[in-house]
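Report on the structure
Take a look at the letters that make up each chain.
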Amino acid sequence: MLKKRNPEGLLDREVLLDLDCSGDTHGSDSYGSLNNGGFIPPRYLNTAAGDDYDDPIFVHCERTESPPARPPGNYFRDGKSKIDFVLVWEVKVRRKRRSRGQGEATVEGEEGVQEESRSEKRKAQLARSRDKFIQNIQNAGLLMEKEESSSAKKTIHYLKLSAPWDVLVYYAEEFCLRAPLQAQPNPDFNTSARVLQKLWVPNIMIDSVPNRPTDYYTCAFRKSKMERFLGSDDRENYFTNTQRHRIVYEILARTNYGRRKRAEVGVARLLNEGAFTGAFPLHEGPFELPGFDINPDQLNKRQILYHYWASWMKWCKYQPLDHIREYFGEKIALYFAWLGFYTAWLLPAALVGTCVFVSGIMTMGSNTPAKEICESGGRYLMCPLCETCKPWNMSDICPMAKVGYLFDHPGTVFFSVFMSLWAVTFLEYWKRKNATLAHHWDCMDFQEEEEPPRPEFAAMAPAMEENPVTGVKEPYFPEKARISRMLTGSMVIVIMLCVVIIFLVTVIIYRSIVSVMMFETGSSVLRTQAGNIANISSSLVNLALILLMGQVYTALAEQLTKWEMHRTQTQYEGAFTFKVFIFQFVNFYSSPFYVAFFKGRFVGYPGHYGTLFGMRNEDCGPGGCLIELAEQLCIIMVGKQLINNIQEFIIPKLKAWKQKRSLSSVKKAQSSAEPQRWEQDYELIPCEGLFEEYLEIVLQFGFITIFVAAFPLAPLFALLNNWVEVRLDAHKFVCEYRRPVAERAQHIGVWFIILEALSHVSVIVNAFLIAFTSDFLPRLLYQYKFNNDLHGYVNFTLAYSPPSYNHTSHTVCRYKAFRDGNGRYKLVYWELLAVRLGFIIAFEHVVFFVLRAIDWIVPDIPESLLQKIKRERYLAKQALADNQEALLVSGRMPHR
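About the cut-offs
Residues numbered from 1 in each chain as written. Predicted model: local features only at pLDDT ≥ 70, side-chain atom pairs only at ≥ 80, totals over all residues. Heavy atoms only, no water. Helix = DSSP H or I, 4+ residues; strand = E, 2+ residues; numbered from the N terminus. Buried < 20%, exposed > 50% of the residue type's maximum accessible area, 1.4 Å probe, protein only. Areas by Shrake-Rupley, 256 points an atom, 1.4 Å probe, with all protein chains shown as cover. Salt bridge = Lys/Arg side-chain N within 4 Å of Asp/Glu carboxyl O. Pairing = 2+ DSSP bridges. Axes fitted to C-alpha atoms, helices over the stretch in contact; angles between N-to-C directions. Disulfide = S-S within 2.5 Å. Expected span 1.5 Å × (residues − 1). Core = buried A, V, L, I, M, F, W, Y, C linked by side-chain atoms within 4.5 Å. Contact = heavy atoms within 4.5 Å. Parallel < 35°, antiparallel > 145°, perpendicular 65-115°, else oblique. Left-handed = near helix turned anticlockwise from the far one by under 90°. Nonpolar A, V, L, I, M, F, W, Y, C, P; charged D, E, K, R; others polar. Phe/Tyr/Trp six-rings, centres within 6.5 Å; stacked < 30°, edge-to-face > 60°. Lys NZ or Arg CZ within 6 Å of the ring centre and 35° of its normal.

**Some points on the overall build of the chain**
For the chain, the helix and strand inventory stands at 28 helices and 18 strands. Across the 896 residues in the chain, those meeting the buried criterion constitute 50%. For the chain, the computed accessible surface area is about 43200 Å², with 59% contributed by carbon and sulfur atoms.

What follows is the structure in structure tokens.
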């Protein structure tokens, strides 16, 4: 092992380096190279190297009879250099092919040899790329140390990376990291805690979490003003671990390993190509608590998160957001902050929805139309529901008429208005919460740096052109060709949406067939419950098709988005999110939309029934369409949540088992030695990001807002699911995922735009749902024109079959419609239509006016936060008061 001495204070750092940069040289215009305006400290280029080079990656391990004891924590062997990142690759042991005997050479054997030769060439190319990459990152100033774990089958190489002080300082200024100016008390972001305190109500949600990170007034880091920042004399702990991880990852992302024209740049592309099998920062120790008593302040950060956040015993406690941000970064912390904030806001919605449902149960006995149906006996002989069915008495559906009132009474109208206002108020207050957290976490003025091209884009781009921002030649794909591909992709999306509609029609036909079969059995029980049996079974079939199509389309959308050749990762994620959400919106909501607005609208009347593929069009069941809509929403929403939670619990464990099984041979060979932190983390599964988590909750938000008039219990089921979801996601990130690179973020991104769109769509959908699907307006019109107690309302809604139909069937029957004896619409039908359209206009205008008023009344940034921003701006001016540096502060006043 080589010991490098730094004349400027970097002493006694054991470095494993080889700077023999033979091979292709890279000019200053090399794309992605740190030579291009980058920082290469001269002292690193002059580092001495050893003579015995038997390792093809130019990194050497010191071999000793008895290896020295390793220091506690994530450090190099010297006990001083922190491990900021680990690169991993595997090398399988080659085995000689056994001879089959003389004269047994076959064509198959020759093809196998050729295939093996191609594989060996591929491996050799990846090894060369890996070696060149390691050379370049050590040129960039990173310290490194190598470890190996071997078995008879393969060898796993671990390359530990550490950023020295000078490299950290240089990139901290380049990336505009935040530097502390003055400590301040940690703010209390929990509004519920302040409200309960004022009401003198004990708050069981408060939990004392140890080692809460200190809050500071901060400004942009400047090397020349180092002495004015707090803690600048403590080089060991001045930069947080997440800041160190971010700096090292940026170096890895910018470092090239091949030719400029091929844009062979960055560790992400090497991971995709298989040169590395892992690249990750290390977790800070085990998550399990020690078996002996220990002071909570002595727990490591991962143990604190596990015990005070991921544990199921903490289901009712506030999330330690500052600890989450300190460990995982702002992007992941913002997701959990939003999920917790949304879950807290679901509590009043669930309470109101449950009260509305209970009020329906309590007033069920006063439902006059249901009483008339139950007491009608044989007074209302209803027309057959199919061609081979017989007439039936309306009194047969007495139970369904009573149950239908639970989902169609005046309280549901109030709840629709309440949830429309709730959705927008929730989003407005989330803006305030988001702004407060963004300032508290020093990312209010955060803007993405000029993003490099995605590795896949760089590998497949057909040309190179100069970037107008950086002036560096980059991979280029013609805009016209991209637009052409996006249009083609849009056609594929349309085709897939048509497939969804085809499946919907298939479910409708299935429901009709099941209903006819139930009626033809002759059983009175099956006849009265035929609609329910058909609706519930078809909803289960529909749920299975929805989940299947969701998986198929997500994979298809991923391939389409890659084919469209988006330059940056942000553009790629935006296009992918848009595709998947549009499809999932239609996939999940098409069936409820059909039941709410189309089912029963095209039935016709006796003698002139509408048909589809020779079958009579579906009519609403005996209890009305709202109860069928409630059944569908319950099955689809609750069923999806249960299946997703089971998947989130089981699938990570299966993946972890598979990963550990693949490493079992190496682990057995090392059984005598205690596994190191990098070996334990490599057994975990790579972090899969937040896309699926956001998509699941956003779709849930649509269910509880768009169709809430038909299912008041939706917020309650969402609340119960989210209590479980928070702990499942926390457990995955703390215990089952490798530690992700901390990413900065100012907000939740495109998902907030989608939430706003859903909240506005919900107002329109609920207005139409109350006007055209519910019986609320027909009852209101009858009370106004005829009878305030609704006596005779059932007869009012029924029409007589036409004489032509009576002549063929010899039976006068009734059906639900506002038609005369000849099948023409009555005047009351047009009066009711005018009332419905007037209600929609009034409902939308009133609700949208109130929403705009809420938006205007509730400022996006709290007044207290504006004061903090001014204070921080003043302190930054004091700290950076030399000449024009006073302007280089982050406390710019945000504009609304």
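**Some thoughts on the pattern of salt bridges**
Per the counting criterion, the structure on display carries 31 salt bridges. Between R244 and D84 there is a salt bridge, and its shortest N-O distance comes to 2.7 Å. A residue pair is termed long-range when its members are at least 10 positions apart, and R244 in helix α5 (residues 241-254) and D84 in the loop between α1 (42-45) and β3 (85-92) qualify at 160 residues. Across the pair, exposure class does not vary: R244 and D84 are buried alike. In this structure, R254 and E174 form a salt bridge, with 2.5 Å as the shortest nitrogen-oxygen distance.

**So, the sheet that holds strand β8 (residues 278-280)**
The sheet built from four strands is open, its strands ordered β4-β5-β3-β8 with antiparallel pairing. The open sheet terminates on both sides in strands that have one partner only, identified here as β4 (143-150) and β8. Looking at each pair of strands side by side, their axes are set apart by 15° on average, direction ignored. As paired elements, β3 and β8 share three bridges and run antiparallel to each other. The residue bridging V88 from the neighbouring strand is G278, located in β8.

**A word on the state of the cysteines**
Across all of its chains, the model carries two disulfides by this definition. At a sulfur-sulfur separation of 1.9 Å, the disulfide partner of C374 is C398. Taking the sign of the S-S torsion, about 90° here, the bridge from C374 to C398 comes out right-handed. Of this pair, C374 sits in helix α10 (residues 368-374) while C398 is found in helix α11 (residues 398-404), placing the two residues 24 residues apart along the sequence. Judged by relative accessible area, which is 25%, C374 ranks as partly exposed. Take C398: its relative accessible area is 14%, and that puts it in the buried class.

**Digging into helix α21 (residues 691-706)**
Its 16 residues give α21 an end-to-end C-alpha distance of 22 Å, which sits within 8% of 22 Å, the value for a rise of 1.5 Å per residue. For α21, the tally of buried residues reaches 15 of 16 residues, placing the bulk of the element in the interior.

**Considering the nonpolar core**
In this structure, W309, F328, W338, W422 and L629 are the most contacted members of the largest nonpolar core, which totals 128 residues. Element by element, the count of residues in this core is highest for helix α9 (residues 330-362), at 15 residues. Filtering out sequence-adjacent residues up to four positions away, W309 remains in contact with I304, K314, Q319, P320, I324, F328, F336, V726, R727, A730 and V734. Counting residues in each nonpolar core, the second largest holds 42 residues, with V169, Y171, F229 and L270 among its members.

**So, the packing of helix α12 (residues 410-440) against helix α23 (residues 750-773)**
Where α12 contacts α23, the two axes come as close as 10 Å, and the packing angle between them is 170°. When the axes of α12 and α23 are compared, the pair comes out roughly antiparallel. Considering the relative orientation of α12 and α23, their crossing is left-handed. Residues V413, S416, S420, A423, V424, L427, W430 and K431 of α12 pack against F752, L755, E756, S759, V763, N766 and I770 of α23. Residues of the contact of α12 with α23, tallied by class, amount to nine nonpolar, four polar and two charged.

**Concerning the packing of helix α24 (residues 776-785) against helix α27 (residues 827-857)**
Helix packing geometry: the angle between the two helix axes and the distance between the axes. Taken N-terminus to C-terminus, the directions of α24 and α27 make an angle of 120°; their axes are 10 Å apart at the nearest point. For the pair α24 and α27, the crossing hand works out as right-handed. Packed against α24, whose contacting residues are L777, P778, L781 and K785, the element α27 presents V828, E831, L832, V835, R836 and F839 at the interface. Across the contact of α24 with α27, the residue classes tally to seven nonpolar, no polar and three charged.

**Thoughts on the environment of T354**
Mapped onto the elements of the fold, T354 is located in helix α9. Take T354: its relative accessible area is 26%, and that puts it in the partly exposed class. Along the backbone, T354 and P712 are 358 residues apart, and their C-alpha atoms lie at a distance of 6.8 Å.

**Description of the side chain of T577**
Its location among the elements puts T577 in helix α17 (residues 569-597). Given a relative accessible area of 6%, T577 falls into the buried group. Those residues in contact with T577 that lie beyond four places of it in its chain are F691, V750, W751 and I754.

**Digging into the packing of aromatic side chains**
Both the distance between ring centres and the angle between the ring planes are used here to describe each pair of aromatic rings. One pass over the structure, following the stated rule, counts 59 aromatic pairs. Seen in terms of ring centroids, F839 and F843 are 5.6 Å apart; in terms of plane orientation they differ by 35°. Their pairing is tilted. Taken together, the residues F839 and F843, both in helix α27 and four residues apart, mark about one turn of the helix. Each member of the pair, F839 together with F843, is buried. When the ring centre of W678 is taken as origin, the NZ or CZ atom of K160, which lies over that ring, is 4.2 Å away. In this structure, R739 is placed above the aromatic ring of Y327, and the distance from its NZ or CZ to the ring centre is 3.8 Å.

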